[in-house]
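# What the coordinates show
In case you want the letters, here they are:
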Amino acid sequence: MTGKRNAIISALVLLVGRRRRKPREDAARIVPPSPPNQAAELVVLLLLGLSSLCAIGFILVYAFADSLPDVTQLLGLALGLALLFLAAALVVVGRELVPTEELAEAYPPHEHPHEQRLIAELTDEAGTRFTRRRLFKLGLLGAGGTLGLAFLTPAVSFGPLFRVGDFLRTPWRKGRRLVDEHGRPYKASDIEEDNFYLGFPEHSSGSEKEQMAASLVLVKVPPDQLNLPPSLEGYDAHGILAYSRICTHAGCAITLYRAPLFQPDEPKPALVCPCHYSTFDPATGGTVTFGPAGRNLPLLPLYEDSAGYLRAKGNFDGPVGPSWWGVRLWKAQP
Amino acid sequence: MRPVLTISIVVAFLLAAGAAQGSPGTPKRPLAARGYHLYGQYCLRCHGGNAAGARVAPSLRGVGALAADFYLRTGYMPLQHLGQQPRRQPLILSDGQIRALVAYIATLGGPSIPKPQPWLGNVSQGLALFTEHCAGCHQVVAQGGYVTGALPPPLDRATPVQVAEAVRIGPYVMPRFSQHAITNRQLDSIIRYVEFTKHPSRPGGWGLGFLGPVPEGLVTWFLAIPALLVLCLLLGRRFRS
């Protein structure tokens, strides 16, 4: 028993006890002697102790995870502080305890000057077989340049350069019915003022459903407020308007509809994109009233059939989706 | 001559005002009659005589107890400045005064105060419906957000009845949802979800207002990165000297 105790005590003494290093008596030291910095040593020990405490805290929090609120945050805090204290301890060691000195070493003089001159001459003379040096340089430049261009070509996939067709295709044809997200066809009487509805083409297959132009937002504007430009005359069905749901700025889905309760006092009705707050006026054909969008929200012409269902009368008045170079030169295609 | 003219002008004005107001008179029930007087005190200046509306404020005929209860119990009304968005404010009317005013507005017709039953709703269905109809503006954990020209409020203090009322009214620039757009049963689910969001779980870290990546990005760019830069500069200082 006493043997074990003695062993523990001696181990502790060995671990904790401070041993002053005996100065070496022989030849001069490499590192110049500097006075010991006991305060810095103490700070380092303290920081290391704090780091261990935090690490122990991490273990404890993990052990009692079920009975603590905000476990993730506490775990992160404990681990973060442990690493921070450890880093601080190392910083203090580096700045205060490790001796530093700067030494500049001069470059040695050139060796074998004669041989070096010979090598330079050799490389000079080796090129005399080439008679059309300039042409060679040009050829090399051409090969390197075209190779670089080849590497850059895949970047074309980032935007439409050759295949704009995909961006113009829409699933809308004359007579196609509008349905909601569950596939139920919309009747004109379903659409109420001060509300907005999502619309899709009826019986759309997978690839059609994925097209950007498939999703619509439907709103109803009272007849006295409807003020469509002449080019969009007749696009509405008794005040019901179907706009593309994709913002013309960056292609986000329009999810906000501003429907004022009391018109004289409050902001006008508007379709708003939540990404950059592009704001479109539904009463005037989707004109931009605020935000970074550069062109109108495309409008799909509608009519009400004899059974009261809403059907597309044609295609959008412009390309659907975010803007790209030359977007205004094209028209939406069925 | 002068006093006679003045008196006749005053009399003519009073007559004209009386004619413009019409004469439905005070309601018969005592509570509604008290509300009628309170209406004259707090609401008449903007909403006009007999709640018929004016240039600056809408008519209250037909809005019903539903709307009156919503606007008065949230503190949206009485509005402090015309033209501003109504905000949730400390109530200046007592519970009894609100009940009287609601009773008076109810005599002018319109829907009654809804009785939602959120315990019949379904949280997961409520999340789907909330995402579809509400999250665009109110943000998916109902913390509120922005729309150009208005501020959709957070729903942390909205009671189930107030949520049910707001959906049917569409206050300020909020869309109005009829029974056809959102059925009462669906509304129960939405309310159950809104109640759930009042104590959201935060498994991934502190919520920062639950507004999504924007505040998180702000913390990264304006707090974390400057802190790291300052640390780097402090560490490297000795070697520069």
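The paragraphs below set out a description of the structure included in this document. (Residues numbered from 1 in each chain as written. Chains lettered and ligands numbered in written order. Predicted model: local features only at pLDDT ≥ 70, side-chain atom pairs only at ≥ 80, totals over all residues.)

### Observations regarding the overall build of chain B
Regarding its fold elements, chain B presents 10 helices and zero strands. Each helix and strand of chain B, placed in order from N terminus to C terminus, yields the pattern α-α-α-α-α-α-α-α-α-α. Classification of the 241 residues of chain B by burial places 32% in the buried group. Across chain B, contacts joining residues at least 24 apart in sequence account for 69% of those joining residues at least 6 apart. (Helix = DSSP H or I, 4+ residues; strand = E, 2+ residues; numbered from the N terminus. Buried ≥ 20, exposed ≤ 12 C-beta atoms within 10 Å, placed from the backbone. Contact = placed C-beta atoms within 7 Å.)

### Quick look at the overall build of chain A
In terms of regular secondary structure, chain A is built from seven helices and 11 strands. A total of 334 residues make up chain A; the buried ones form 23% of that total. If you take every contact in chain A between residues at least 6 apart in sequence, the share linking residues at least 24 apart comes to 56%.

### Examining the nonpolar core
If you look at the biggest cluster of nonpolar residues, it comprises 89 residues, and the most contacted ones within it are A:Leu218, A:Leu271, B:Ala68 and B:Ile105. If we ignore the near neighbours within four places in the chain, the residues touching B:Ala68 are B:Val63, B:Leu101, B:Val102 and B:Ile105. (Core = buried A, V, L, I, M, F, W, Y, C linked by C-beta atoms within 7 Å.)

### Some details on the sheet that holds strand S7 (residues 279-281) of chain A
Residues and elements named next belong to chain A. Spatial strand order, S5-S6-S7-S8: four strands in an open sheet with antiparallel pairing. The sheet is open, and its two edges are formed by strand S5 (256-258) and strand S8 (287-290), each paired on a single side. Averaged over all adjacent pairs, the angle separating strand axes in this sheet is 35°, with direction ignored. Sheet topology places S7 next to S8; three bridges connect them, and they run antiparallel. Within S8, the position partnered with aspartate 281 by the bridge is threonine 287. (Pairing = 2+ DSSP bridges. Axes fitted to C-alpha atoms, helices over the stretch in contact; angles between N-to-C directions.)

### Considerations on helix H8 (residues 160-169) of chain B
Residue and element names in this part refer to chain B. Most of H8 sits out of view: eight of its 10 residues are buried. Every buried residue belonging to H8 is among Pro160, Gln162, Val163, Ala164, Glu165, Ala166, Val167 and Ile169, and all of these are buried. Residues of H8 that are buried sit in contact with helix H4 (64-73) and helix H9 (184-197). Downstream of H8 by one or two residues, glycine 170 has phi in the positive range, about 70°.

### Side note on helix H6 (residues 123-133) of chain B
All names here are of chain B. Taken together, the buried positions of H6 are occupied by Gly126, Leu129, Phe130 and His133. Axial view of H6: buried residues confined to an arc of 100°, hence all on one face. Buried residues belonging to H6 abut helix H7 (135-138) and H9. (Arc of directions from axis to C-beta.)

### Some remarks on the interface of chain A and chain B
Taken together, the contacts link 28 residues of chain A with 29 residues of chain B. Elements represented by at least two residues in the side of chain A that touches chain B include exactly helix H3 (71-97), S5 and strand S6 (270-272) of chain A. No other element matches H3(A), which puts four residues into the side of chain A that touches chain B. Among the residues making up the side of chain A that touches chain B, the classes are represented as 15 nonpolar, five polar and eight charged. (Nonpolar A, V, L, I, M, F, W, Y, C, P; charged D, E, K, R; others polar.)

### Some words on the pairing of strand S3 (residues 216-220) of chain A
All names here are of chain A. Extensive coverage of S3 is indicated by the burial of five of its five residues. Neither face of S3 is left uncovered, since the one carrying Leu216, Leu218 and Lys220 and the one carrying Val217 and Val219 both have all their residues buried. The pairing of strand S2 (residues 196-201) with S3 spans four bridges and is antiparallel. Considered in S3, the bridge of tyrosine 197 is made with leucine 218. One ladder, built from five bridges, connects S3 with strand S4 (residues 240-244); its direction is antiparallel. Pairing of lysine 220 across the sheet is with isoleucine 240, part of S4.

### Looking at the sheet that holds S4(A)
All names here are of chain A. Read from one edge to the other, the open sheet built from five strands follows the order S1-S2-S3-S4-S9, with strand pairing classed as antiparallel. Looking at strand neighbours, the two that pair on one side only are strand S1 (178-179) and strand S9 (299-300), the edges of this open sheet. Where S1 lies against S2, two bridges are found, and the strand directions are antiparallel. Following the sheet pairing, leucine 178 is matched in S2 by proline 201.

### Quick word on unusual backbone geometry
The amide bond that connects B:Met77 to the next residue, B:Pro78, takes the cis arrangement and shows omega of -5°. In this structure, B:Pro78 sits in the loop between H4 and helix H5 (95-106).

### A closer look at the packing of helix H2 (residues 38-63) of chain A against H3(A)
Residue and element names in this part refer to chain A. For the pair H2 and H3, interaxial distance at closest approach is 8 Å and the crossing angle is 165°. In terms of orientation, H2 and H3 fall into the roughly antiparallel class. Crossing of H2 over H3 shows left-handed handedness. When its residues are assigned to classes, the contact of H2 with H3 shows 25 nonpolar, two polar and two charged. (Parallel < 35°, antiparallel > 145°, perpendicular 65-115°, else oblique. Left-handed = near helix turned anticlockwise from the far one by under 90°.)

### Quick look at the packing of H6(B) against H9(B)
Residue and element names in this part refer to chain B. Close contact between H6 and H9 brings their axes to 7 Å; oriented N to C, the two are set at 95°. With respect to H9, the axis of H6 lies roughly perpendicular. Across from Val123, Gln125, Gly126, Leu127, Leu129 and Phe130 in H6, the residues of H9 making contact are Gln186, Ser189, Ile190, Arg192, Tyr193 and Phe196. Split by residue class, the contact of H6 with H9 holds seven nonpolar, four polar and one charged.

### Quick notes on the environment of A:Leu81
All names here are of chain A. Tracing the sequence through the fold places leucine 81 in helix H3. Given 17 C-beta atoms within a 10 Å radius, leucine 81 is considered partly exposed. Sequence separation between leucine 81 and serine 51 is 30 residues; the distance between their C-alpha atoms is 7.0 Å.

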